[in-house]
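The chain contents come next:
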Amino acid sequence: MTSATTTATTTATIPEGPSTGAPFHTIALAEDGWAVDILDQTLLPHREVTVRMETLEDAAHAIFSMQVRGAPLIGATAAYGMALAMHADASDDNLDAAAKTLVATRPTAVNLAWAVDEMRRVLGSLGANARREAAYVRATEIAAEDIAINHGIGTSGLPLLEEIAASKTGGERVNVLTHCNAGILATVGWGTATAPIYLAHEKGLDVHVWVDETRPRNQGASLTAWELGRHGVPHTVIADNTGGHLMQQGQVDICITGTDRTAANGDVANKIGTYLKALAAQDNGVPFYVALPSPTIDWTITDGIKDIPIEQRAAEEVSWISGRTEAGEVERVCLVPADTAVANYAFDVTPARLVTGLITERGIAEASRGGLAKLFPEYGKA
Ligand code: MRU
């Protein structure tokens, strides 16, 4: 794949990801310069397949079916989806229709609506010809900005891991617990929760990651484990219910997760199960940090628990599971008795009071309106 940053200007000095291991791209302009290639995450970790998106519908399908997922990558894909729509028809009507189609794909990650609004803002006043070109330029900038922002999150969060390492007089490893995949695969580069981890690993810190498997879709077991493995970061996959026990045993130094939408009061929506980890962390005195790029902050929402929309997905994601057989085939099997009622809530909200701090590209904020407003005075009012 060609790098998504080749036509962007904002990342001249920002590497796209860790220098260790085997780099990969989650999304990139295709060789022909107009279609968009994505890594199909529904096939990982067993198959690495690049899918070519040529239409708005391809982009909407990729987001809805979770070929791409993770809040920042959903945003970047939506931006490219707008560019693909403009490539086909740059009329005002199609600009409106494309925005509507993309925003309807998934409700919780606010980066999606942010990216679509941003594309509309830039394209709205342009004529059709200028619009086509500007759409690709802005989409590629959004992708490049994501890399730079996440690298900034890494720089902000790295001292947390260094302090823990320094406090271990016997040189023991630093144990980080993470939930879901808030890694490179959830972004255009570096990941959010993983950015400090990758920087620490690059610097030679002995970091080990407890990876929650993250039922029902297993983003931890399938995706986080895959990308940490590719970069040589020591990690261990655990069943979702294991974290509390490990915390009681002193085997978790810090939790770092991502978020799909952060309310202005510091409440964070993230993959279902994050809330339970935050509760266990508080009970055991383990610091619980959430890493977020600023486009994930929804300044219009003041009470995350009440107002962040929680996506509910197909029951089959809970009742069926896929995996590789010993013969090497990938197969799906059913886990529950026929006709069992199943609920599939994709996200939950962790209240700000359980969050030790929000790791952003501008530094670490207290999880509160005042804390966020201090770092982002142009948006929030303390
Ligand atoms: O349903 P998903 O896989 O899109 O959910 C992803 C998450 O919950 C991530 O933790 C979140 O988007 C932060 S990603 C940097």
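Each value, and the rule that gives it
Residues numbered from 1 in each chain as written. Predicted model: local features only at pLDDT ≥ 70, side-chain atom pairs only at ≥ 80, totals over all residues. Heavy atoms only, no water. Disulfide = S-S within 2.5 Å. Buried < 20%, exposed > 50% of the residue type's maximum accessible area, 1.4 Å probe, protein only. Near = heavy atom within 4 Å. Polar contact = N/O pair within 3.5 Å; in protein donor to acceptor, adjacent residues only side chain to side chain. Areas by Shrake-Rupley, 256 points an atom, 1.4 Å probe, with all protein chains shown as cover. Salt bridge = Lys/Arg side-chain N within 4 Å of Asp/Glu carboxyl O. Helix = DSSP H or I, 4+ residues; strand = E, 2+ residues; numbered from the N terminus. Core = buried A, V, L, I, M, F, W, Y, C linked by side-chain atoms within 4.5 Å. Contact = heavy atoms within 4.5 Å. Axes fitted to C-alpha atoms, helices over the stretch in contact; angles between N-to-C directions. Parallel < 35°, antiparallel > 145°, perpendicular 65-115°, else oblique. Left-handed = near helix turned anticlockwise from the far one by under 90°. Nonpolar A, V, L, I, M, F, W, Y, C, P; charged D, E, K, R; others polar.

A. Highlighting the state of the cysteines. Under the defined criterion, the tally for this structure stands at zero disulfides. Take Cys180: it sits in no disulfide, and the sulfur closest to it among the cysteines is that of Cys255, at 15 Å. You can call Cys180 buried: its relative accessible area is 6%.

B. Up close: the site of the ligand. Arg106, Gln219, Asp260, Asn270 and Lys271 are the nearest of the 18 residues found near the ligand. Within the backbone of Ala71, one N or O atom sits 2.9 Å away from an oxygen atom of the ligand. At 2.8 Å, a side-chain N or O of Gln219 approaches an oxygen atom of the ligand. Look at the ligand: alone it shows 410 Å² of surface, and the protein chains cover 100% of it.

C. Structural view of the pattern of salt bridges. Evaluation of the coordinates by the stated rule reveals 19 salt bridges. For Glu48, the salt bridge goes to Arg230, with nearest N and O atoms at 3.1 Å. Within this pair, whereas Glu48 is found in the loop between β2 (36–39) and β3 (50–53), its partner Arg230 is found in helix α7 (residues 219–230), the two being separated by 182 residues in sequence. Asp212 is the partner of Lys277 in a salt bridge, and the nearest nitrogen-oxygen pair spans 2.9 Å. Of the two residues, Lys277 is situated in helix α9 (residues 274–283) and Asp212 in strand β5 (residues 207–212); the sequence distance between them amounts to 65 residues.

D. Up close: the nonpolar core. In this structure, Met82, Leu102, Met119, Leu161, Val176, Ile254 and Ile256 are the most contacted members of the largest nonpolar core, which totals 76 residues. Sort the elements by how many residues they give to this core and helix α5 (residues 128–167) lands first, with 13 residues. Those residues in contact with Leu102 that sit more than four places away from it in its chain are Leu56, Ala59, Ala60, Ile63, Ala78, Gly81, Met82, Leu112 and Val116. Residues Val286, Leu292, Leu358 and Leu375 belong to the second largest nonpolar core, which totals 27 residues.

E. View of the packing of helix α1 (residues 56–64) against helix α3 (residues 92–103). For the pair α1 and α3, interaxial distance at closest approach is 9 Å and the crossing angle is 15°. The pairing of α1 with α3 is recorded here as roughly parallel in orientation. Along this stretch, α1 crosses α3, giving a crossing that reads as right-handed. Here Leu56, Ala59, Ala60 and Ile63 of α1 lie close against α3, whose contacting residues are Ala98, Thr101 and Leu102. Among the residues making up the contact of α1 with α3, the classes are represented as six nonpolar, one polar and no charged.

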